[in-house]
Amino acid sequence: MANQLEISAINVINAGADEASVATDRPIKENELETLGVSPNFLAASGFEGKLGQTLLLPEQDPIVIAVGLGGQEITEPSIRNAAASLWRASKHLDSVTSLLPLTTATEVGAEVALQATVEGMLLASYRYDELKGSPEERSSLQQVTLVVPDGVDSAAALSRAEAVASAIALTRDLVNRPGGSLSAVQLADEAVKVAEQTGLEVEVWDRERLIVERCGGMLGVNAGSTEEPRMVRLTWRPKGESRGTIHFVGKGITFDTGGLNLKPFEGMKEMKIDMGGAAAVIGAMAAVAAHNPDVTIIGTCCCTDNQPSPTATKPGDVLNIRNGKTVEVLNTDAEGRLVLADGLSIAAEENPDLIVDLATLTGACLVALGSQYAGLMGNNEDAIARVEAAATKAGERLWHLPLPNEYRKQLDSDVADLQNIGSGRFGGTLVAGLFLQEFVDETPWVHLDIAGPVTTQEQEAEFPKGATGFGVRTLLEIVNNW
Ligand code: BES
Ligand code: MN
Ligand code: ZN
């Protein structure tokens with residue numbers, strides 16, 4: 001079901017082996033073209049400029065030659081993944097392909113990293129969401145991939161890391177792509193339990209009864225209109241030896257966001273199965289954490305429920321009691337993500353971790369501000385912000401630091417409660433949402449990522465097919481790796 005990655009056999013061979021001579025997807029130097037039987041004029045006349053991800057298949061050559069562009073910029077892990085994804089698409093109608101990509105890029109990023117990035121790029125490009133297709137689509141014919149690396153590379157380790165990251169991202173994509181009707185909060189929690197069973201992570205699941213006992217009024221208030229139970233799920237990685245610290249990830253897990261009584265119009269509602277993308281990224285990252293064996297404690301908390309209108313639903317003007325003791329007047333039931341996160345962040349902050357990172361498809365305003373390719377980043381601590389920014393850069397995930405302006409905090413003052421859940425003004429909705437969340441983390445170093453844009457892509461790009469991207473998994477794993 002999950003992890004729909006197509007390539008079944010990946011071999012690795014060392015440079016110098018005979019097969020290396022058939023692979024030609026490295027940046028082609030003019031003096032090499034003759035040996036391949038390709039004329040530079042022909043490439044140029046065909047419009048091949050070597051741009052990143054550009055491919056040209058030369059079917060007349062024997063064996064067939066595929067030129068893959070690496071671009072004029074610095075070669076990085078993301079650019080190798082991009083080129084490898086293009087190679088997969090260009091070769092998916094062949095039976096087998098041999099590629100020098102990891103060999104060619106080894107000098108720039110290191111041989112193992114180059115190999116890992118190549119494998120990840122090909123696997124992630126081959127991802128498809130087809131679990132609900134009645135008749136299976138045609139699979140690609142490509143089954144055999146041979147990758148050429150320099151001598152002395154630990155290819156087994158690089159391959160298993162690539163496989164772990166790619167299947168974690170595929171899991172996140174599957175969960176985000178799955179319709180709301182096929183993924184309730186209970187089912188999302190079950191997916192997290194399955195991850196725990198497969199990886200040996202600890203897992204704890206709170207049902208409605210337990211959420212009442214634990215005073216999670218934000219979760220219960222958003223769930224009040226639903227016929228499905230809410231779930232708060234917590235996955236924990238504990239290092240074998242002494243722990244050097246604790247990082248707590250918190251994800252928004254709204255399995256479908258109708259808006260509640262403040263019902264969304266059709267245009268806004270039809271995409272809202274993606275509103276658990278934060279939780280899905282946390283689950284995906286936790287699934288891969290064990291493979292990295294970090295010596296820090298990693299906790300992933302997911303706040304799962306749907307948001308439905310009903311006679312029992314929370315009504316505009318109702319006041320909720322959040323876990324940390326603060327009261328919130330719900331003036332708009334469609335600003336529900338911040339209500340479930342308020343409980344999740346309160347729990348995280350109680351335990352004084354070294355860092356809290358939350359991920360949430362929180363505001364449409366973030367799409368207005370940054371477009372669909374950038375996540376918004378906000379935080380209360382310079383060092384924490386710098387760490388997350390560095391991790392995202394390494395991961396190749398685009399985000400932009402936005403302010404949490406004190407000047408706007410008074411927009412959240414309520415006449416009847418400690419806070420209201422929407423700002424009094426019309427503008428700066430992403431920042432106001434960030435300011436709201438800040439009320440629940442005390443002084444704990446905290447970073448908030450609004451992933452409303454990059455959680456999905458409308459068109460295929462690099463190793464991202466149309467639909468869910470798996471955004472956030474890589475950044476979370478980089479934070480763990482660089483702790
Ligand atoms: N899940 C939405 C935000 C969203 C919008 C995510 C578009 C992805 C794409 C969130 O719960 C929401 O409805 N936010 C409201 C907040 C408003 C009522 C203050 C919004 O953005 O309109
Ligand atoms: Mn909403
Ligand atoms: Zn939402």
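Rules and cut-offs
Residues numbered from 1 in each chain as written. Chains lettered and ligands numbered in written order. Predicted model: local features only at pLDDT ≥ 70, side-chain atom pairs only at ≥ 80, totals over all residues. Heavy atoms only, no water. Near = heavy atom within 4 Å. Polar contact = N/O pair within 3.5 Å; in protein donor to acceptor, adjacent residues only side chain to side chain. Areas by Shrake-Rupley, 256 points an atom, 1.4 Å probe, with all protein chains shown as cover. Helix = DSSP H or I, 4+ residues; strand = E, 2+ residues; numbered from the N terminus. Nonpolar A, V, L, I, M, F, W, Y, C, P; charged D, E, K, R; others polar. Domains from an automatic or database assignment. Contact = heavy atoms within 4.5 Å. Buried area = accessible area lost by both parts, 1.4 Å probe. Salt bridge = Lys/Arg side-chain N within 4 Å of Asp/Glu carboxyl O. Phe/Tyr/Trp six-rings, centres within 6.5 Å; stacked < 30°, edge-to-face > 60°. Lys NZ or Arg CZ within 6 Å of the ring centre and 35° of its normal. Donors = N, O, S within 2.8 Å, 3.2 Å for Na, K, Ca; no water. Tetrahedral: all angles 85-135°; square planar, octahedral: opposite > 155°, others 65-115°. Pairing = 2+ DSSP bridges. Disulfide = S-S within 2.5 Å. Buried < 20%, exposed > 50% of the residue type's maximum accessible area, 1.4 Å probe, protein only. Axes fitted to C-alpha atoms, helices over the stretch in contact; angles between N-to-C directions. Parallel < 35°, antiparallel > 145°, perpendicular 65-115°, else oblique.

Engineer: Which residues make up the site of ligand 1, and what values do they have?
Structural biologist: Taken together, 17 residues lie near ligand 1, and K264, D275, D334, E336 and G364 sit nearest. In this structure, K264 approaches ligand 1 through a side-chain N or O atom, which is 2.8 Å from an oxygen atom. Protein chains bury 76% of the 520 Å² of accessible surface belonging to ligand 1 in isolation. Residue assignment for the shell around ligand 1 shows that the elements contributing at least two residues are β8 (246–257) and α13 (364–370). Along the lines of polarity and charge, the residues of the shell around ligand 1 split into 6 nonpolar, 4 polar and 7 charged.

Engineer: Any details on the domain arrangement of the protein chain? Residues and values, ideally.
Structural biologist: Domain boundaries in the protein chain define domain 1 (9–154) and domain 2 (179–481). Facing the 13 residues of domain 1 at the interface are 9 residues of domain 2. Taking both partners together, domain 1 and domain 2 bury about 950 Å²; carbon and sulfur atoms supply 48% of that area. Linking domain 1 with domain 2 are 3 salt bridges, by the criterion used here. For R81, the salt bridge is made with E463, and the minimal N-O distance between the two is 3.0 Å. At the level of secondary structure, the elements contributing two or more residues to the side of domain 1 that touches domain 2 comprise α3 (77–91) and α5 (111–125). Tallying contributions element by element places α3 first for the side of domain 1 that touches domain 2, with 6 residues. Taken together, the residues of the side of domain 1 that touches domain 2 break down into 7 nonpolar, 2 polar and 4 charged.

Engineer: So, the packing of aromatic side chains: which residues are in play, and what are the values?
Structural biologist: A full pass over the atoms with the stated rule returns 1 aromatic pair. Over the ring of W483 we find R387; its NZ or CZ atom is 3.9 Å from the centre of that ring.

Engineer: Residues and numbers for the coordination of the zinc ion (ligand 3), please.
Structural biologist: Around a metal, the idealised angle for a tetrahedral arrangement of four donor atoms is 109.5 degrees; for an octahedral arrangement of six donor atoms it is 90 or 180 degrees. Here the zinc ion (ligand 3) is held by K252 (NZ), D257 (OD), D275 (OD) and E336 (OE), and the distances to it run 2.0 to 2.5 Å. Given 6 donor atoms and angles of 78 to 173° at the metal, the environment of the zinc ion (ligand 3) is assigned as octahedral. Counting along the primary sequence, the residues that act as donors to the zinc ion (ligand 3) give the motif K-x4-D-x17-D-x60-E. Here the manganese ion (ligand 2) and the zinc ion (ligand 3) are spaced 3.2 Å from one another, each receiving a donor from D257.

Engineer: Go over the sheet that holds strand β10 (residues 319–321) with me, naming the residues and quoting the values.
Structural biologist: Spatial strand order, β10-β11-β15: 3 strands in an open sheet with mixed pairing. Both outer strands of the open sheet, β10 and β15 (419–420), are each paired with one neighbouring strand and no more. Two strands pair when backbone bridges link them, and β10 and strand β11 (residues 327–329) are joined in this way by 3 bridges, in the antiparallel orientation. Residue V319 lies in a different strand from β11, and its bridge partner there is E329.

Engineer: An account of the state of the cysteines is needed here, citing residue identities and associated values.
Structural biologist: Using the criterion set out here, one finds 0 disulfides in the structure. For the unlinked cysteine C302, the closest cysteine sulfur is that of C304, found at 5.2 Å. Classification of C304 by relative accessible area gives buried; the value is 1%.

Engineer: I'd love a proper account of the coordination of the manganese ion (ligand 2), names of residues and values included.
Structural biologist: The manganese ion (ligand 2) binds to the protein through D257 (OD), D334 (O), D334 (OD) and E336 (OE), with metal-donor distances spanning 2.1 to 2.2 Å. Taken together, the 6 donor atoms coordinating the manganese ion (ligand 2) span angles of 72 to 170° at the metal, a pattern that classifies the geometry as irregular. Counting gaps between the donor residues of the manganese ion (ligand 2) yields the pattern D-x76-D-x1-E.

Engineer: I'd like to hear about the sheet that holds strand β7 (residues 231–237), residue by residue, with values.
Structural biologist: Read across the open sheet, the 8 strands follow the order β6-β7-β9-β8-β12-β16-β13-β14; overall the sheet is mixed. With partners counted over all chains shown, the strands left at the sheet margins are β6 (202–206) and β14 (399–401), one partner each. Adjacent strand axes in the sheet meet at a mean angle of 20°, parallel and antiparallel pairs treated alike. Pairing between β8 and strand β12 (residues 355–360): 5 bridges, direction parallel. Considered in β12, the bridge of G251 is made with L359.

Engineer: Now, about the pattern of salt bridges: what can you tell me, with residues and values included?
Structural biologist: Inspection of every chain in the model, using the stated rule, returns 31 salt bridges. R238 is the partner of E202 in a salt bridge, and the nearest nitrogen-oxygen pair spans 2.7 Å. Of the two residues, E202 is situated in strand β6 and R238 in the loop between β7 and β8; the sequence distance between them amounts to 36 residues. In this structure, K326 and E439 form a salt bridge, with 2.9 Å as the shortest nitrogen-oxygen distance. Placement of the pair is K326 in the loop between β10 and β11 and E439 in the loop between α15 (429–438) and β16 (446–450), with a sequence separation of 113 residues. Taking relative accessible area as the criterion, E439 reaches 18% and is therefore assigned buried. Through salt bridges with shared partners, one network takes in E204, R210, E214, R323 and E350.

Engineer: Go over the side chain of E336, please, and point to the residues and values.
Structural biologist: Its location among the elements puts E336 in the loop between β11 and α12 (337–350). Residue class for E336 comes out buried when judged on its relative accessible area of 1%.

Engineer: How would you sum up the packing of α3 against helix α4 (residues 101–109)? Please name residues and give values.
Structural biologist: Contact geometry for α3 and α4: axes closest at 11 Å, N-to-C directions at 170°. One way to sum up the angle between α3 and α4 is to call them roughly antiparallel. Counting all contacts with α3, which are made through E77, I80, A83 and A84, the residues of α4 involved are L101, T105 and V109. A class-by-class count of the residues in the contact of α3 with α4 yields 5 nonpolar, 1 polar and 1 charged.

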